[in-house]
Amino acid sequence: MDLVRKYKFSWDLIGDLKEGRPNLGNKTRLEVYRLMQFTLRDVIEQHFGPEETDKIFFDAGFLAGKEFYKNVMKPEKELNAYIRQLQELLIEFGIGILRIEKADIEKGELIVTVSEDLDCSGLPDLEHEICTYDEGLISALLECFTGVKFTVKEIDCWCTGDRTCRFACFSQ
Amino acid sequence: MAEDNKVVQALMDLLSKKNASAEPPKELRSIQGFDELYKSIHHLRGSFISLSRGKLDEKIVGQGFLFGTLKDLQSSLKHLTWQTKRVSEGDFTQKVEFLGEFSDAFNEMALKLEIQVSILEQTRKQLAESEENFRQIAENMEEVFWLNDKEGNIIYLSPSFTEVWNIDRSEIKTVDDLLLMQAHESDIESVRVALEGFKKTKVFNKEFKIKLRDNSVKTVAVRLNPICNQDGNVIKQAGIAQDITEIVNYQNKLIQSLIQAENARDKLKNSHAKIIELEQRNALLAMSVTANHEMNQPLTILKGNLELLREKLDEQAYGRIFDRLETAIEKIESILNKLKNIDRVKLTNYVGDINMIDISEENTGNT
């Protein structure tokens, strides 16, 4: 059965912030972002369970990564320049501080960390990784640059007591 | 109480002693949670030691604030290592963010490196361009150009050497090889002397002949110039040689032509003088014939009538007058005779700018 789409994403949905928020601008409090994310996650989990919730958040992050690449980033041919641009944009947008621990693009292996992460930094210990949205986002950003699909798994997270979120990335 | 002291001592040993057991003391293992606490602290200790020794790939197993902080430090160090490698590969866009003074120091270092490398690159580019220009000039100029060190060893010798000397450049190791090996036997000693003189005077500017292996001879003009450092000491020498064989040949031909022209000019001058003399002589001859022809008859009449007068008039009264008249007539006849026999026209000054024909006996052949 074909799904009739009602909420298909397009960058237009970000809206004209200058016109729409002439006084408040494009800033908001991080609590609001997290309020929305974790209430949404809560409700989705209630409807579909934790595994499906993680999958939905990964896919949403992946879609966000593709759109971010398409609408925000400038084309780069060289990995270092691409990473440099991404680092600057993630800081500019207040998403997090991206650092590279290892990058062997020929083997398709990267270890990256995101400090002061938008989703999780400052959360209480939960004893499980929580940044599935980031996993999807990073996966899409790597795939858009290399043209190869990447598996991205968070191996350390603020929520597991670590001070930074570390992601292992492998090309498929 | 004694057990409490052992717990404290065991944990203190973990923190302070160089060698600490990986396992807690046996008598304390029965305390609930102590085994796990001891091993966590021991692992934390091991991770600190690894990091302090620069081992960044050791896996830090454990959770919580201290482990998290250590992982954060490990992550930052790994990232800095990765960035430093990128910088070493020439990517000076790398920047360290949010690491306090270290960020400032690293970013300033990267910026300065970028500037220095940029200057070096610019210098290298200019040097390469300069070398390319030099190479193009040296390899395309007809003159032979070389550089040698102060000991005389050839550093550079332009390809045109082979064309002029007709031997391979690889055979030439020193300036002496270059200048003396094929110097013509008539010039070799003077070249040797000039080379010796160059050591003192720093001047070598000489033309000499070289004999090629096919026995043909060429003439070359060679000039040596010393290259000095800032202290004025000679560190290298630059030499330039030009094949002037054709020029010398042209010069010789030109000199021959000049000599021939000089000779021809002298001949022409002589011929011209002869023509003039001949014309003068012809004119004189014509004048002489005319004079003789026109004057001899009146003179004969004069002489005849003088004889008649001498017979009729008193000799005693007029004899001296008749004698003078006869002498004048004879002198005119003599002049007419000289003019008839003159060999060449020789002028002698009469008065002022006016000349007269020399009819002396030496010029007329009359005695």
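Before reading on, note that the structure itself is shown above.
Explanation requested: the overall build of chain A in the structure shown.
For chain A, the helix and strand inventory stands at four helices and four strands. Walking chain A from its N terminus toward its C terminus, one meets helices and strands in the order α-α-α-β-β-α-β-β. Taking 16 Å as the expected radius of gyration for a compact globule of 172 residues, we find that chain A reaches 17 Å, a close match to that expectation. Summarising its shape, the C-alpha atoms of chain A cover approximately 40 × 40 × 40 Å along the three principal directions. Sorting the 172 residues of chain A into buried and exposed places 42% on the buried side. Within chain A, contacts between residues separated by at least 24 positions form 54% of all contacts whose residues are at least 6 apart in sequence. Just so you have it, chain A exposes about 10400 Å², and 56% of that area is on carbon and sulfur atoms. Here chain A carries 22 positive and 32 negative side-chain charges, and the mean point of each set is 5 Å from the other.

Hey, could you run me through the interface of chain B and chain A in this one?
How big an interface is tends to be reported as the loss of accessible area on association of its parts. Contacts between the two partners involve 23 residues from chain B, matched on the other side by 21 residues from chain A. Both faces considered, chain B and chain A share a buried interface measuring about 1900 Å² in area, 49% of it formed by carbon and sulfur atoms. Connecting chain B to chain A are four salt bridges. For the salt bridge of Glu101 of chain A with Lys78 of chain B, the shortest nitrogen-to-oxygen distance reads 3.5 Å. Counting across the interface, chain B meets chain A through twelve residue pairs in polar contact (both at pLDDT 80 or more). Residue composition of the side of chain B that touches chain A, grouped by class: four nonpolar, eleven polar and eight charged.

Looking at this structure, I do not really get helix α2 (residues 30-71) of chain A. What am I missing?
An α-helix turns once every 3.6 residues. As a result, residues three or four positions apart point the same way. Residues and elements named next belong to chain A. The end-to-end C-alpha distance of α2, which contains 42 residues, comes to just 23 Å, noticeably less than the 62 Å that a straight helix rising 1.5 Å per residue would cover. Of all the bends found along α2, the most pronounced is centred on Gly49 and spans about 120°, while Pro50, a proline, follows it within four residues. Elements that come into contact with the buried residues of α2 comprise α3 (79-92) and α4 (132-146).

I tried to follow the packing of helix α3 (residues 65-88) of chain B against helix α4 (residues 100-140) of chain B on my own but got confused; where do I start?
Each packed pair of helices is defined by two parameters, the angle between the axes and the distance between the axes. Residue and element names in this part refer to chain B. As a packed pair, α3 and α4 sit with axes 11 Å apart at the nearest point and diverge in direction by 15°. As summarised for this structure, α3 and α4 are arranged roughly parallel, according to the angle between their axes. Judged by the twist between their axes, the crossing of α3 over α4 is left-handed. Contact with α3, carried on its side by Leu80, Gln83, Thr84 and Val87, involves Phe102, Phe106 and Leu113 of α4 and no other residues of that element.

Sorry if this is basic, but what is going on with the environment of Lys78 of chain B here?
Within the secondary structure layout, Lys78 of chain B lies in helix α3. In the structure, Lys78 of chain B is positioned 23 residues away from Lys55 of chain B in sequence and 9.8 Å away in space, judged by C-alpha atoms. Setting aside chain neighbours within four positions, we find Lys78 of chain B in contact with Ile100 and Glu101 of chain A together with Leu56 and Asp57 of chain B.

Explanation requested: unusual backbone geometry in the structure shown.
Phi is mostly negative for residues that are not glycine, and the peptide bonds are mostly trans. All names here are of chain B. Here Phe98, not a glycine, exhibits a phi torsion of approximately 60°, which is positive. Along the chain, Phe98 falls in the loop between α3 and α4. Look at Asn166: it is not a glycine, yet its phi comes out positive at around 65°. Structurally, Asn166 is set in the loop between α5 (160-165) and α6 (175-180).

Would you take a moment to explain the side chain of Ser158 of chain B for this structure?
Residues and elements named next belong to chain B. Tracing the backbone shows Ser158 in the loop between β2 (154-157) and α5. Exposure remark for Ser158: the relative accessible area of 0% places this residue in the buried category. Contact partners of Ser158, with chain neighbours within four places excluded, come to Ala138, Glu143, Val144, Phe145 and Arg169.

Got a minute to help me understand the packing of aromatic side chains in this structure?
Centre distance and the angle of the planes are the two values used to describe a pair of aromatic rings. In this structure the tally under the stated criterion is eleven aromatic pairs over all chains. An angle of 50° between the planes, with centres 6.4 Å apart, marks the rings of Phe145 of chain B and Tyr156 of chain B as tilted. Of this pair, Phe145 of chain B sits in strand β1 (residues 144-149) while Tyr156 of chain B sits in strand β2; the two residues are eleven residues apart in sequence, bridging distant segments of the chain. We note that Phe145 of chain B, like Tyr156 of chain B, is buried. Joined through ring pairs, the aromatic side chains of Tyr69, Tyr82 and Phe145 of chain A make up one cluster. Its guanidinium or amino end placed over the ring of Phe57 of chain A, Arg41 of chain A lies 4.3 Å from that ring's centre, counting from NZ or CZ.

About the thresholds
Think of each chain on its own: its residues are numbered from 1, step by step along the sequence as written. Ligands are numbered from 1 and chains lettered from A, in the order in which they are written. At least 70 in pLDDT is required for a residue's local features to be given in this predicted model, at least 80 for side-chain atom pairs to be given and counted, and no such filter applies to totals for whole chains, interfaces and linings, which use all residues. Side-chain descriptors were evaluated using all non-hydrogen atoms of the structure, hydrogens and water having been removed beforehand. Where helices and strands are cited, they refer to DSSP runs of H or I of at least four residues and of E of at least two residues respectively, numbered from the N terminus. It is over C-alpha atoms that the radius of gyration is taken, and the globule rule equals 2.2 Å times the number of residues to the power 0.38. Three labels apply to residues, based on accessible area from a 1.4 Å probe with only protein chains included: buried if under 20% of the type maximum, exposed if over 50%, partly exposed otherwise in between. We call two residues contacting when some pair of their heavy atoms lies within 4.5 Å. Note on areas: Shrake-Rupley with a 1.4 Å probe; residue coverage comes only from the protein chains shown. Neither His nor the chain ends contribute to the count of charged residues, in which Lys and Arg are positive and Asp and Glu negative. For the purpose of locating charges, the reference atoms are NZ of Lys, CZ of Arg, CG of Asp and CD of Glu. We define buried area as the total accessible area lost by two parts upon association, computed with a 1.4 Å probe and summed across both. One side-chain nitrogen of Lys or Arg within 4 Å of one carboxyl oxygen of Asp or Glu is enough to make a salt bridge. Definition of a polar contact: a pair of N or O atoms within 3.5 Å, with one able to donate and the other able to accept a hydrogen when the atoms are protein atoms, and with sequence-neighbouring residues admitted only if both atoms are side-chain atoms. Any residue outside Ala, Val, Leu, Ile, Met, Phe, Trp, Tyr, Cys, Pro, Asp, Glu, Lys and Arg is labelled polar, Gly included; the first ten of those are nonpolar and the last four are charged. Between the first and last residue of a helix there are one fewer steps than residues, each counted as 1.5 Å, and that sum is the expected span. What the bend at a residue measures is the angle between two axes, fitted to the seven residues ending there and to the seven starting there. For every element, the axis is a line fit to its C-alpha atoms; helices are fit only across the contacting stretch, and the angle between N-to-C directions ranges from 0 to 180 degrees. What sets the label is the angle itself: under 35 degrees gives roughly parallel, over 145 gives roughly antiparallel, 65 to 115 gives roughly perpendicular, and the rest give oblique. Left-handed describes a crossing whose near helix is turned anticlockwise from the far helix through less than a right angle; right-handed describes the clockwise counterpart. Side-chain rings of Phe, Tyr and Trp (the six-membered ring for Trp) are treated as a pair once their centres are within 6.5 Å; stacked means planes under 30 degrees apart, edge-to-face means over 60, and tilted covers the remaining angles. Whether a charge sits over a ring comes down to the Lys NZ or Arg CZ being within 6 Å of the ring centre and within 35 degrees of the ring normal.

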